[in-house]
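What follows is the residue order along each chain.
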Amino acid sequence: MEMTFRWYGKEADKIQLQDIRQIPGIKGIVGTLFDIPAGEVWPKDRIKALVDEVEKAGLTMKVIESVNVHDDIKIGLPSREQYIENYKVTIRNLAEHGIEVICYNFMPIFDWIKTDLNYILPDGSSTMAFEKIGIDKAPEEIVREVEESTSDYTLPGWEPERLAHVKHLFDAYKEVDDEKLRENYAYFLKEIIPVCEEVGIKMAVHPDDPPYSIFNLPRIVKNREDLDWICNVVDSPSNGITLCTGSIGEDPANNVYDILAEFCKRDRIPFAHVRNIKYLGNDKDFYEAPHLSSEGSLDMYRILETMYENGFDGYIRPDHGRMIWGETGRPGYGLYDRAIGASYLLGLWEAIEKNKNKE
Ligand code: CS2
Ligand code: MN
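The following paragraphs examine the structure supplied in this document. What you are looking at is a predicted structure, and each value in this text was computed from that prediction instead of being measured. Per chain, residue numbering runs from 1 following the sequence as it is written. Chains carry letters from A onward and ligands carry numbers from 1 onward, assigned in written order. Whole-chain, interface and lining totals are the exception, using all residues; otherwise, since this is a predicted model, local features are given only for residues with pLDDT of at least 70 and side-chain atom pairs are given and counted only at 80 or more. Side-chain calculation: all heavy atoms of the structure are included, whereas hydrogens and water are not.

## Some details on the overall build of the chain
Consideration 1: Runs of H or I in DSSP of at least four residues are treated as helices and runs of E of at least two as strands, each being numbered from the N terminus. The number of helices and strands found in the chain is 13 helices and twelve strands.
Consideration 2: For the radius of gyration, the atoms used are the C-alpha atoms, and the globule rule reads 2.2 Å times the number of residues raised to 0.38. The C-alpha atoms of the chain give 19 Å as radius of gyration, which agrees with the globular expectation for 359 residues (21 Å, within 12%).
Consideration 3: Counting only C-alpha atoms, the chain reaches 55 × 45 × 40 Å along its principal axes.
Consideration 4: Counting every position in the chain, which comprises 359 residues, the buried fraction comes to 59%.
Consideration 5: We call two residues in contact whenever any of their non-hydrogen atoms come within 4.5 Å of each other. Sequence-distant contacts in the chain: of pairs separated by 6 or more residues, those separated by 24 or more amount to 73%.
Consideration 6: A total of about 14700 Å² of accessible surface is found on the chain, and carbon and sulfur atoms cover 48% of it.
Consideration 7: Charge-centre separation for the chain: the mean point of 42 positive side chains lies 3 Å from the mean point of 64 negative side chains. Exposure is judged per residue with a 1.4 Å probe applied to protein chains only, and the accessible area is read against the type maximum: over 50% gives exposed, under 20% gives buried, and values in between give partly exposed. Areas reported as accessible are Shrake-Rupley estimates using a 1.4 Å probe. Residue values count occlusion only from the protein chains shown. Within this scheme the basic residues Lys and Arg register as positive and the acidic residues Asp and Glu register as negative, but His and the chain ends are omitted. Lysine's charge is taken at NZ, arginine's at CZ, aspartate's at CG and glutamate's at CD.

In structure tokens form, the structure reads like this:
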């Protein structure tokens, strides 16, 4: 297991690499080239500059999050051929610079969706929440709200070039149901996984967040059956999962522990996002809780123990944190609460490891 921390780069992130280096136990950065639009090749010189910068700070970069998949690939348009070719070049360029894992998602139009980016907890901290009532709004209205509340930075999955075309994209997805999206996903995987095998990269799909359909858009990375389908459609160790406990757990019907056990055993989890959520009564509403088990609905000890017992040896990172101690900025990605989360997870891991070694 290796603990990592997501970083958006010098321009896009308020947090400095030196701050991350001072969090005990963090070895690596989960990096990105945030400004490159979905579908374009990541140039070698940009990748090299990023790796050099991270290494100069005494950290490593083995995981990328995300290389976004162009919507034309998901819709299945003829233009997908070029975008898939570009994706293959990016895979090769990343492998050449020591990258081992690429986290991505296969959600139509949007990346994750929350209905409240500033949900205040009783202790005064701010987190993100999802309440069904907020999703009754028209998609355009939600987009407008997100744009207004985040005018000074870009959220992952809410890149301006996507938001500008939301209406057009909704039309383009009219003919794409779950089955069609699966067909297009299989086509993509069959093209890229052989390249990954050749260069030693593991693809790791992030579950849909939330893991059920919203705005009537298709969703195909939601539960155990979907993950099983993905692993089987191209049966290769290069075709894996980013197991995000929060996203999978957002549907209480998903048994996070069983899913972790199965796919760790199958050696298909090269990367894990470990975070807690707190269910808000009915209808799958929740907020993103502090990592601690006692603060949320998931048992973090059991999550890590399941990973340990089933041979997890990949990269892991704390996922979204709250805004605490006066920090402001990109929701979910402040320094303090994620640092606390990382230390807590490392502490649990140490205890589990020492206990198992005693047995
Ligand atoms: C992440 C996702 O910040 C987050 O919510 O977990 O945005 C994740 O990076 C993507 O879905 C992966 O492409
Ligand atoms: Mn996640």
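## Some remarks on unusual backbone geometry
Consideration 1: Following Glu-65, the chain continues to Ser-66 via a peptide bond in cis, the omega torsion being 0°.
Consideration 2: Turning to its location among the elements, Ser-66 is positioned in the loop between strand 3 (60-65) and helix 3 (71-75).
Consideration 3: In this model, Ile-109 sits at a positive phi of 60°, which is unusual for a non-glycine residue.
Consideration 4: Relative to the helices and strands, Ile-109 is located in the loop between strand 4 (101-104) and strand 5 (116-120).

## Concerning helix 4 (residues 80-96)
In an α-helix there are 3.6 residues to a turn, and that puts residues three or four apart on one side.
Consideration 1: The length a helix should cover is 1.5 Å for every residue beyond the first. With 17 residues, helix 4 should reach 24 Å at 1.5 Å per residue; the first-to-last C-alpha distance of 24 Å fits that figure.
Consideration 2: Turning to helix 4, its buried residues number three or more, namely Arg-80, Ile-84, Asn-86, Tyr-87, Lys-88, Thr-90, Ile-91, Asn-93, Leu-94 and Ala-95.
Consideration 3: Its buried side turned inward, helix 4 meets helix 2 (44-56), strand 3, helix 3, strand 4, helix 8 (178-199) and strand 7 (202-205).
Consideration 4: Residue Gly-98 follows helix 4 closely and has a positive phi angle near 85°.

## What about the coordination of the manganese ion (ligand 2)?
Consideration 1: Only N, O and S atoms count as donors, using a 2.8 Å limit from the metal and a wider 3.2 Å limit for Na, K and Ca, and since water is excluded some coordination spheres may look unfilled. The manganese ion (ligand 2) binds to the protein through His-206 (NE2), Cys-244 (SG), His-273 (ND1) and Asp-319 (OD); the donor distances cover 2.2 to 2.6 Å.
Consideration 2: All donor residues of the manganese ion (ligand 2) come from one chain, and their arrangement in sequence is H-x37-C-x28-H-x45-D. Residue His-206 is found in the loop between strand 7 and helix 9 (224-233), and its partner His-273 is found in strand 9 (residues 271-274); the two are separated by 67 residues along the sequence.
Consideration 3: Given the relative accessible area of 10%, His-206 is considered buried.
Consideration 4: Overall, the relative accessible area of 1% leaves His-273 in the buried class.

## Observations regarding the sheet that holds strand 5
Consideration 1: Pairing in this open sheet of four strands is antiparallel, and the strands run 5-6-11-10 from one edge to the other. A strand with exactly one partner marks an edge of an open sheet, and here the two such strands are strand 5 and strand 10 (276-279). Between one strand and the next, the sheet's axes are offset by a mean angle of 40°, whatever the strand orientation.
Consideration 2: Across three bridges, the pairing between strand 5 and strand 6 (residues 126-130) is antiparallel. Paired with Asp-116 across the bridge in strand 6 is Ala-129. Strands pair, by our definition, only if DSSP identifies at least two bridges between them. A fitted line through C-alpha atoms serves as each axis, taken over the contacting stretch for helices, and the angle formed by two N-to-C directions is quoted from 0 to 180°.

## Remarks on helix 9
Consideration 1: Within the sequence span of helix 9, burial applies to Asp-226, Leu-227, Asp-228, Ile-230 and Cys-231.
Consideration 2: Check the buried side of helix 9 and you find it contacts helix 8, strand 7, strand 8 (239-244), helix 10 (245-249) and helix 11 (256-265).
Consideration 3: Identification of polar contacts relies on pairs of N or O atoms within 3.5 Å, with a donor-acceptor requirement for protein atoms, meaning one able to donate a hydrogen and the other able to accept it, and with residues adjacent in sequence counted only if both atoms are side-chain atoms. The N-terminus of helix 9 is capped by Asn-223, whose side-chain oxygen sits 3.3 Å from the backbone nitrogen of Glu-225.

## Observations regarding the pairing of strand 11 (residues 286-289)
Consideration 1: Examined bridge by bridge, strand 6 and strand 11 share two bridges and lie antiparallel to one another. Residue Phe-130 lies in a different strand from strand 11, and its bridge partner there is Phe-286.
Consideration 2: In this structure, strand 10 lies alongside strand 11, joined through four bridges in antiparallel fashion. Bridging from a neighbouring strand, Ile-277 pairs with Glu-288 of strand 11.

## A word on the packing of helix 11 against helix 12 (residues 300-309)
Consideration 1: It is the contact of helix 11 with helix 12, at a shortest axis distance of 9 Å, that shows an interaxial angle of 15°. Here helix 11 lies roughly parallel to helix 12, going by the angle between them. With respect to the hand of their crossing, helix 11 and helix 12 are arranged in right-handed fashion. Within the contact between the two elements, helix 11 uses Val-256, Tyr-257, Leu-260, Ala-261 and Cys-264 and helix 12 uses Arg-302, Ile-303, Thr-306 and Met-307.
Consideration 2: The residue classification treats Ala, Val, Leu, Ile, Met, Phe, Trp, Tyr, Cys and Pro as nonpolar and Asp, Glu, Lys and Arg as charged. All others, Gly included, are polar. Residues that form the contact of helix 11 with helix 12 fall into these classes: seven nonpolar, one polar and one charged. When an angle is under 35 degrees it counts as roughly parallel; over 145 it counts as roughly antiparallel; between 65 and 115 it counts as roughly perpendicular; any other value is oblique. In this scheme the crossing of two helices becomes right-handed for a clockwise turn of the near helix relative to the far one and left-handed for an anticlockwise turn of less than a right angle.

## Re the state of the cysteines
Consideration 1: Note on terminology: pairs of cysteine sulfur atoms within 2.5 Å are recorded as disulfides. Inspection of every chain in the model, using the stated rule, returns zero disulfides.
Consideration 2: Here Cys-196 is not disulfide-linked; the sulfur of Cys-103 is the nearest cysteine sulfur, at 13 Å.
Consideration 3: On the accessibility criterion, Cys-196 (0% relative accessible area) is buried.

## A look at the site of ligand 1
Consideration 1: Near ligand 1 you find 15 residues, and of these Glu-65, Ser-66, Asp-111, His-320 and Tyr-333 are the closest.
Consideration 2: Here an oxygen atom of ligand 1 and a side-chain polar atom of Arg-6 are 3.2 Å apart.
Consideration 3: Within the side chain of His-320, one N or O atom sits 2.8 Å away from an oxygen atom of ligand 1.
Consideration 4: When ligand 1 is considered free in solution it has 350 Å² of accessible area, and contact with the protein chains removes 100% of it. The near set for a molecule or strand comprises every residue that places at least one heavy atom within 4 Å of it.

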